[in-house]
Amino acid sequence: MSMELIVRGIPTGHAAKLRGGGPDANGQPALVRIAEGKANPCRHCLQLIEEGGEKLVFSYRPFPRPQPYAEAGPIFLHARDCARYEGDGLPAWFAYLSPAIIRGYGHDDWIRYETAQVLPGAELEAACRRILANPEVAYVHIRSKFNCFQCRVERA
Ligand SMILES: [Zn+2]
């Protein structure tokens, strides 16, 4: 039997604060830019921001509290409101992340080094299931080849 996954975008409350000019992980307001090209994923709805659309650019720390493994880095958000992604699988476009970085984190929010891999996007879901089969792994992060956080994946 295959493990059920839950994939979510970043919390709606945090997205709303950033859209309202609230501070990012560096204590600065998000910058507004026009999306160029096709590789502008919104981390709230987990869809690609349409070319020419407005995006917010800011630093995000996808961890509950600061600690040595709590990396912060640049991500995008639709400048307009959008619906938070919540699903049992990755959005289809993740298949085109080439390559992607995947890592499991322990219940202490530290990297589980043995889980880290660089993979073609089409292999990410199967890798999430393999990594989350280890009960010492609390959740998985998927990142782009630039190490930009994409989303968090947990057991359903
Ligand atoms: Zn969005």
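Coordinates for the structure precede this section.
Before going into details, it helps to say that this report is about the structure given with it. (Residues numbered from 1 in each chain as written. Predicted model: local features only at pLDDT ≥ 70, side-chain atom pairs only at ≥ 80, totals over all residues. Heavy atoms only, no water.)

### Points about the coordination of the zinc ion
Around the zinc ion, the protein contributes the donor atoms Cys42 (SG), Cys45 (SG), His78 (ND1) and Cys82 (SG), at 2.1 to 2.3 Å from the metal centre. Spacing between the donor residues of the zinc ion along the chain follows C-x2-C-x32-H-x3-C. Of the two residues, Cys45 sits in the loop between β2 (31–34) and β3 (54–60) while Cys82 sits in the loop between β4 (73–78) and β5 (86–87), which places them 37 residues apart along the sequence. In this structure, Cys45 and Cys82 share a single accessibility class: buried. (Donors = N, O, S within 2.8 Å, 3.2 Å for Na, K, Ca; no water. Helix = DSSP H or I, 4+ residues; strand = E, 2+ residues; numbered from the N terminus. Buried < 20%, exposed > 50% of the residue type's maximum accessible area, 1.4 Å probe, protein only.)

### Observations regarding the sheet that holds β4
Across the sheet, three strands lie side by side as β2-β3-β4; this open sheet has antiparallel pairing. If you trace the sheet from one side to the other, it starts and ends with β2 and β4, each paired once. Here the strands of the sheet are splayed against their neighbours by 35° on average, with no regard to which way each runs. Relative to β4, β3 is paired through six bridges, and the arrangement is antiparallel. Paired with Lys55 across the strands is His78, a residue of β4. (Pairing = 2+ DSSP bridges. Axes fitted to C-alpha atoms, helices over the stretch in contact; angles between N-to-C directions.)

### Observations regarding the pairing of strand β8 (residues 137–144)
Along β8, eight of the eight residues are buried, which leaves the element largely enclosed by surrounding structure. Across seven bridges, the pairing between strand β6 (residues 100–106) and β8 is antiparallel. Considered in β8, the bridge of Arg103 is made with His141. The pairing of β8 with strand β9 (residues 149–155) spans four bridges and is classified as antiparallel. Counted as the bridge partner of Val140 is Val153 from β9. Linking β8 to β9, which pair antiparallel, is a turn of four residues; within it Asn147 sits at a positive phi near 70°.

### A word on the layout of surface pockets
By volume, the largest pocket is sized at about 370 Å³. Along the walls of the largest pocket sit 18 residues, with Ala39, Pro41, Leu97, Ser144 and Phe146 positioned nearest its centre. With three residues, the single largest contributor to the lining of the largest pocket is β4. Of the residues that constitute the lining of the largest pocket, the class distribution is 12 nonpolar, three polar and three charged. If you count residues domain by domain, the lining of the largest pocket takes at least three from each of domain 1 (11–84) and domain 2 (87–155). Here the second largest pocket defines a volume of roughly 210 Å³. As for the second largest pocket, its lining consists of 13 residues, and the residues nearest its centre are Ile10, Pro11, Tyr60, Arg84 and Arg152. In terms of residue class, the lining of the second largest pocket is built from seven nonpolar, one polar and five charged. Shared between two domains, the lining of the second largest pocket holds at least three residues of each, these being domain 1 (11–84) and domain 2 (87–155). (1 Å grid on protein atoms, 1.4 Å probe; cavity = no way out; pocket = protein on both sides within 12 Å on 5 of 7 lines; lining within 4 Å. Points joined across faces, edges and corners; volume = space filled by probe spheres on them. Nonpolar A, V, L, I, M, F, W, Y, C, P; charged D, E, K, R; others polar. Domains from an automatic or database assignment.)

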